[in-house]
Amino acid sequence: MLSVGVDKPSELDSIWGDLDQEKSFFLESICTPEIMGILVEIDTKQKLLFERLKVIDFLKTRKGEGDEALNSEEQKIYEELLLDNVSSHSVTNKITIDSDGIKKSKLKDYGAYLEYLGFLDGISESDLANFVNDSGEEISEDEIKQFLIGTVYDSVLEDFVFDGDHGLVRYLSSEIRHGVLPNQIRSVLEASNLVTVKVDENSYESNSYWRNQYALAAQEDFLDFVDEQLAWFSTKVDELIDLANGWPVATRDATNRSVAFNLSYSSGKLEEFREFTSPANTPEEFFTLCEDFVWQQLDTCFRVMRSLINKDLKPKFNKLFDELVLRLKSNPAKIELNILREEIFLAKNKVIEELSLIEGWFVKPGNDHYTSISLDYALKISIENVRGIYDPREIAIDFEGVDSDCSLNKNEMVGLVRSLVTSYQNAINHGCKNTGFKVVPQISDDGRDIEIVVSNFVSVDKLREINRKKILDKVPTFSVDDNHELLTTEGGTGLYKTYRYLIDFCQNAQFSVSVDENVFSQKMCISKAM
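Small disclaimer: the values here were computed from a predicted structure and weren't measured.

A. Expanded view of the pattern of salt bridges. Under the definition given, this model contains 21 salt bridges. A salt bridge links lysine 236 to glutamate 239, with the shortest nitrogen-to-oxygen separation between them at 3.6 Å. Pair noted here: lysine 236 and glutamate 239 are both in helix H11 (residues 220-245), with a separation of 3 residues, about one helical turn. Its salt-bridge partner being lysine 316, residue aspartate 312 comes within 2.9 Å of it at the nearest N-O pair. Separated by 4 residues within a single helix, aspartate 312 and lysine 316 lie in helix H13 (residues 283-329), roughly one turn from each other. Linked by salt bridges that have partners in common, Arg211, Glu220, Asp224 and Asp227 make up one network.

Laid out in structure tokens, this is it:
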């Protein structure tokens, strides 16, 4: 590797042509995770696994797809990446509601609420009119109904959200706001010695670490200048942390738009609540429907919180780091602060990584068992995997999530992820350069099938190639009986590979392709009855 000037084995792909026995042995038996772990450039387990996937892809491109040992190893790596993702998700899941605790103490109340709403549904207009008239106030029949439904809904919100023992606010407080979120961000900067602690209302502790770093190379006034800039940085960091820590707060106040968890409601929301819970016939059923309805409302709050982190907090931190570099660059002594600047760059990336991790906290707790994982999570894992494979190249993927109750077991999950990763690689390798591509999940109208579409722009030359090779005609004829033949003869598009990963692991799945003007689409249809 040193002789040809590369840092990682996968970089040999652009240098080596055909593989002789010696090169094949090097890639297969030397470039293993156990040995590659000593490389300085590969500093995490995930990077190590992605590098091995690149090496395997390199080998399979040259040797064909028929090597069972490589296919088996690739399968195990995807399973390991999946398990790591699921385990990480389990560790970082911060949001919950103690539904069991509420149910034990309040189930009788929910029986009373159910009877109350049943009585309200059955009351005649004349009786309701008498009730309104007896009140002595000029309010409409609809208003009194909304008021009565509102008393029930308010009680439900109180139990599931605002109760300090069992509700959401307990976990927003203890698992997010009280030290956890602030420390998650600040600890990265403290590890880099870029921030210090506040000693009083207006000042921060002197940054002895960086003073000592430059003590031999600079005079005292320069050290004071650096100290001033880092104190300013500490102030701004804590301001941003305080801003973010104020978002995961729950309120019923419709005028309070400074928080993410605004549970204020309109008459339309009350009608929606009554309709949603109307199928209940027992207290247990009513309780479950109330819980489901609350989680639906919280899902909107989660999206608000994730958006604030992604579209507000991340840009503000990026800007803050850039401003710190500019302020340090303006030092009167014109001293190059290369070591400090490098630390700032590394810390900037780490903070953005931490913010992405925090973003992932704000989801409904799902079934973290390895045998049942949501379709949405499978798509996110596939995107993370392909980005890891192509790192450091930036991969543009437009994905906003998918609203689906479809869940997958381990085999279906691994098969779908491998199929998706291959389809992304198809799009990247054969699409127009620099146009990116889109992952567009769609749910069919009948509610029984999930269709995932991976689309990318293609050039005029690529369209001609697609027509010349009759790709659109070949894909419908794909069959598992083709074994490995099409893997090496269908022109290197990877379409049969995508098809096989999908069909081998997902029963009743279908794969097709289409062209609409200059957009090439790969479509995976999965039955929800898998």
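After that view, the rundown keeps rolling.
B. A look at the side chain of serine 234. Mapped onto the elements of the fold, serine 234 is located in helix H11. Taking relative accessible area as the criterion, serine 234 reaches 1% and is therefore assigned buried.

C. Local environment of the packing of aromatic side chains. In total, this model carries 20 aromatic pairs according to the counting rule given. A centroid spacing of 6.3 Å and a plane angle of 40 degrees characterise the contact between tryptophan 295 and phenylalanine 302, whose relative ring orientation is tilted. Pairwise contacts between aromatic rings join Tyr110, Tyr113, Phe160, Phe286 and Phe287 into one cluster. The positively charged end of arginine 327 is found above the aromatic ring belonging to tryptophan 232, 4.0 Å away from the centroid.

D. Focus on unusual backbone geometry. Even without being glycine, asparagine 193 reaches a positive phi, approximately 60 degrees. Relative to the helices and strands, asparagine 193 is located in the loop between helix H9 (180-191) and helix H10 (208-214). Owing to a relative accessible area of 24%, asparagine 193 belongs among the partly exposed residues under this scheme. Of note, the phi angle at glutamate 517 is positive, near 55 degrees, even though the residue is not glycine. Following the sequence through the fold, glutamate 517 ends up in the loop between strand E8 (510-516) and strand E9 (519-527).

The rules behind these values
Residues numbered from 1 in each chain as written. Predicted model: local features only at pLDDT ≥ 70, side-chain atom pairs only at ≥ 80, totals over all residues. Heavy atoms only, no water. Salt bridge = Lys/Arg side-chain N within 4 Å of Asp/Glu carboxyl O. Helix = DSSP H or I, 4+ residues; strand = E, 2+ residues; numbered from the N terminus. Buried < 20%, exposed > 50% of the residue type's maximum accessible area, 1.4 Å probe, protein only. Phe/Tyr/Trp six-rings, centres within 6.5 Å; stacked < 30°, edge-to-face > 60°. Lys NZ or Arg CZ within 6 Å of the ring centre and 35° of its normal.

Purely geometric stuff here, so don't read any function into it on its own.
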